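Tertiary structure, described
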Number of protein chains: 2
Amino acid sequence: MEAGTASDLRTGPRWEFDAASAVEPTGPGRWRVGIADGWDIGGKPNGGYLLAVVVRALVAGTARPDPLAVTAHYLAPAAPGPATVDVTVVRLGRRHTTATASLRQAGGEVARVLATLADLSASRGAPARTWGGGPPPLPPPERCPRLLPAPPSPLPPPLADRVELRVPAEQLGFAVGAPSGEAVVSGWARFPDGRPPDAVSLPLFADAFPPAVFEGGLPLGWMPTVELSVQVRKRPAPGWLRGVFRTRFLTGEHLEEDGELYDSVGDLVALSRQLALAPRPAEG
Amino acid sequence: MEAGTASDLRTGPRWEFDAASAVEPTGPGRWRVGIADGWDIGGKPNGGYLLAVVVRALVAGTARPDPLAVTAHYLAPAAPGPATVDVTVVRLGRRHTTATASLRQAGGEVARVLATLADLSASRGAPARTWGGGPPPLPPPERCPRLLPAPPSPLPPPLADRVELRVPAEQLGFAVGAPSGEAVVSGWARFPDGRPPDAVSLPLFADAFPPAVFEGGLPLGWMPTVELSVQVRKRPAPGWLRGVFRTRFLTGEHLEEDGELYDSVGDLVALSRQLALAPRPAEG
């Protein structure tokens, strides 16, 4: 793949994701952003994309490059168009900066975010170690079908044009009315224009795969995210990401989806967890 | 066990936990609280206990009884003594209220919390369903040793007097220098004075067990919590809780601990995840 260097990434919107997540300072702690067209699911900009935009403002506002632990609570659907992010530093520490951010559009506040940022290049301590973790087993990407939007069908969503997802056919049974019954989805992910993944883009990848509960047998439908949390553990190496997403508990109308993202050298780069409402045929 | 009724719980500090988490309004959106002695680990009030105190103020400030999704970022160690909680409602919705809270002591802000509260008694939708989840297999509580403080040893901590924990002996190898190598700890938990568990107390139970990485073979030491997130899914039935806590990834100095809490009828009542710094012999 064509890998951009760090300085490429700093020169501005050469890549599609950078254009769609650019932040421009407009005052102390305030950033103007543009929610771009096409990063949506069913017409609603993807929650992970919105969080990535907010994270970019948090990085700019705190001068700490890596979103170590970020949580977004979603308040109202966003829409493509102008928006602002207000960043307030809560605590500036030796190792971490904790800050809050509000994403606002004309209609009101869209998301509130609480985050602790760090510089993972300065991370010390014990070497990486896992107890039972590791990348999901996957056929090579070229042997996994790419999810591509097929209007007027709502699935795959337009977002699949912006994030290249390749999922083994046996985990796409839900798409032909034959879900496996296991609420797990795994696959490959990258930007189709060759932009390398980085820490800021990981919240997007953490929310881009098809919901695991579709494969678990729940009816297809809109699943509003109440809350999305992402821990970024390492800046990803260039190349494909591998992701695995799993739901274990549906209680009443609530379910979680837990995700792991690994980079091309097999290291864990992010953990995610979201709380969502069970899928509904039409928005309630 | 002696089970309190809901009205008992509302009448005030009959139980130890209620006395230690009482909140008193002192102005619009402001609550006076007392961080109690003895709910600590190594002299530092437990992060789950602090979150439970904040949740009590959030419930009082939003009139929604259940902390559906709460995240605390810890800013500085707390100390026993007076504190205040400031609650700000971000969005009052039909189903959910999102709010922030700040826990402050004389020395400054101790924790910032972002939360979405709900009324789980009104939860509709699909019945409970699991894909591979369920309570951990455990011998009956009377066949599991109770963790009890044994000063001057720092372990078990004073908190173990306030939360009764019973862990199978084979998961306490770390205590005798022979950890199993599996970073998993499970066991039984309840209030020793017979107070039934409720939604507000679940953040405490989610942070009360010994760290799973001790059993995974990491050296014993102080593990500062950076961030603790809890999803409360159901109000627990009276009786023992069962918990299982697991760490899978240590990357640099960071590790997660994921927890599940089940009530006495075997239903999931809470999921937790924390980001902590790897244990260190002395605080850095």
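1. A look at the pattern of salt bridges
According to the stated counting rule, one finds 36 salt bridges over all chains in the structure shown. For Arg30 of chain A, the salt bridge goes to Asp86 of chain A, with nearest N and O atoms at 2.7 Å. Here Arg30 of chain A, found in strand E2 (residues 30-35), pairs with Asp86 of chain A, found in strand E6 (residues 81-92); they are 56 residues apart in sequence, far enough to count as distant. Its relative accessible area of 38% is what places Arg30 of chain A among the partly exposed residues. Accessibility expressed as a relative area gives 16% for Asp86 of chain A, which makes it buried. Where Arg235 of chain B meets Asp119 of chain B, a salt bridge forms, and the shortest distance between an N and an O atom there is 3.0 Å. Residue Arg235 of chain B is located in the loop between strand E12 (225-232) and strand E13 (241-246), and its partner Asp119 of chain B is located in the loop between strand E8 (108-118) and strand E9 (129-130); the two are separated by 116 residues in the primary sequence. Linked by salt bridges that have partners in common, Arg30, Asp86, Arg104, Glu109 and Arg112 of chain A make up one network.

2. Considering the relation of the copies chain B and chain A
For the pair chain B and chain A, the superposition axis carries a translation of 0.0 Å, the fit reaches an RMSD of 0.0 Å, and the rotation angle comes to 180 degrees. The transformation relating the two chain copies, once decomposed into turn and shift, fits a two-fold axis. For chain B, the minimum C-alpha distance to the rotation axis belongs to Leu114 of chain B and amounts to 3.4 Å. A shared interface surface links the copies, since 100% of the contact residues of chain B are contact residues in chain A too.

3. Description of the interface of chain B and chain A
Counting from both sides, the interface comprises 62 residues of chain B and, opposite them, 62 residues of chain A. In this assembly, chain B packs against chain A so that about 5300 Å² is buried in total across both faces, 57% of it on carbon and sulfur atoms. In this structure, the connection of chain B to chain A is made through 26 residue pairs in polar contact (both at pLDDT 80 or more). Of the residues forming the side of chain B that touches chain A, the biggest block, seven residues, is contributed by strand E16 (residues 268-277) of chain B. Partitioned by chemical class, the residues of the side of chain B that touches chain A number 24 nonpolar, 22 polar and 16 charged. Examined bridge by bridge, strand E14 (residues 249-251) of chain A and E9 of chain B share two bridges and lie antiparallel to one another. When the sheet's bridge partners are listed, Leu250 of chain A is paired in E9 of chain B with Arg129 of chain B.

4. With respect to helix H3 (residues 47-62) of chain A
Residues and elements named next belong to chain A. Its 16 residues place the ends of H3 22 Å apart at the C-alpha level, agreeing with the 22 Å of an ideal helix rising 1.5 Å per residue. Counting buried residues along H3, 14 of its 16 residues qualify, which places the element largely inside the surrounding structure. Between the side-chain oxygen of the N-cap and the backbone nitrogen of Gly48 there are 3.0 Å, and the N-cap of H3 in question is Asn46. Looking one or two places after H3, you find Ala63, whose phi comes out positive at around 60 degrees.

5. What about empty space enclosed by the protein?
In total, this model carries one cavity of 30 Å³ or more according to the counting rule given. Taken as a whole, the largest cavity holds about 110 Å³ of empty space. Surrounding the largest cavity, 16 residues form its lining, Glu227, Ser229 and Arg273 of chain A together with Ser229 and Arg273 of chain B being those nearest its centre. Of all the secondary structure elements, the ones that give two or more residues to the lining of the largest cavity are strand E5 (66-74) and strand E12 (225-232) of chain A together with strand E5 (66-74), E12 and E16 of chain B. Element by element, the count of residues in the lining of the largest cavity is highest for E12 of chain B, at four residues. Residue composition of the lining of the largest cavity, by class: five nonpolar, seven polar and four charged.

6. Remarks on the environment of Ala52 of chain A
All names here are of chain A. If you trace the backbone, Ala52 turns up in helix H3. Judged by relative accessible area, Ala52 falls into the buried class, the value being 0%. The sequence separation of Ala52 and Pro203 amounts to 151 residues, and the corresponding C-alpha distance is 5.5 Å. Residue contacts for Ala52: discarding those within four places in its chain leaves Phe17, Val200, Pro203 and Leu204.

7. A word on unusual backbone geometry
Following Pro151 of chain A, the chain continues into Pro152 of chain A via a peptide bond in cis, with omega recorded as 10 degrees. Topologically, Pro152 of chain A is positioned in the loop between strand E9 (129-130) and helix H4 (159-162). Cis geometry is adopted by the peptide bond preceding Pro156 of chain A, which originates at Leu155 of chain A and carries an omega value of -15 degrees. Note on placement: Pro156 of chain A falls in the loop between E9 and H4. With a phi close to 60 degrees, Ala63 of chain B is a non-glycine residue in the positive phi region. Within the element layout of this structure, Ala63 of chain B appears in the loop between helix H3 (47-62) and E5.

8. Focus on the side chain of Glu257 of chain A
Residues and elements named next belong to chain A. Structurally, Glu257 is set in strand E15 (residues 254-262). Arg246 provides the closest opposite charge to the buried, unpaired Glu257, separated from it by 10 Å. In terms of polar contacts, Glu257 uses its side chain to reach the backbone amide nitrogen of Ala212, at 2.8 Å. In this structure Glu257 touches Pro211, Ala212, Phe245, Arg246, Thr247, Ser272, Arg273 and Gln274, once residues within four positions along its chain are discounted.

Rules used throughout
- Residues numbered from 1 in each chain as written.
- Chains lettered and ligands numbered in written order.
- Predicted model: local features only at pLDDT ≥ 70, side-chain atom pairs only at ≥ 80, totals over all residues.
- Heavy atoms only, no water.
- Salt bridge = Lys/Arg side-chain N within 4 Å of Asp/Glu carboxyl O.
- Helix = DSSP H or I, 4+ residues; strand = E, 2+ residues; numbered from the N terminus.
- Buried < 20%, exposed > 50% of the residue type's maximum accessible area, 1.4 Å probe, protein only.
- Least-squares fit on C-alpha atoms with pLDDT ≥ 70 in both.
- Contact = heavy atoms within 4.5 Å.
- Buried area = accessible area lost by both parts, 1.4 Å probe.
- Polar contact = N/O pair within 3.5 Å; in protein donor to acceptor, adjacent residues only side chain to side chain.
- Nonpolar A, V, L, I, M, F, W, Y, C, P; charged D, E, K, R; others polar.
- Pairing = 2+ DSSP bridges.
- Expected span 1.5 Å × (residues − 1).
- 1 Å grid on protein atoms, 1.4 Å probe; cavity = no way out; pocket = protein on both sides within 12 Å on 5 of 7 lines; lining within 4 Å.
- Points joined across faces, edges and corners; volume = space filled by probe spheres on them.
- Lys, Arg positive; Asp, Glu negative; His and termini not counted.

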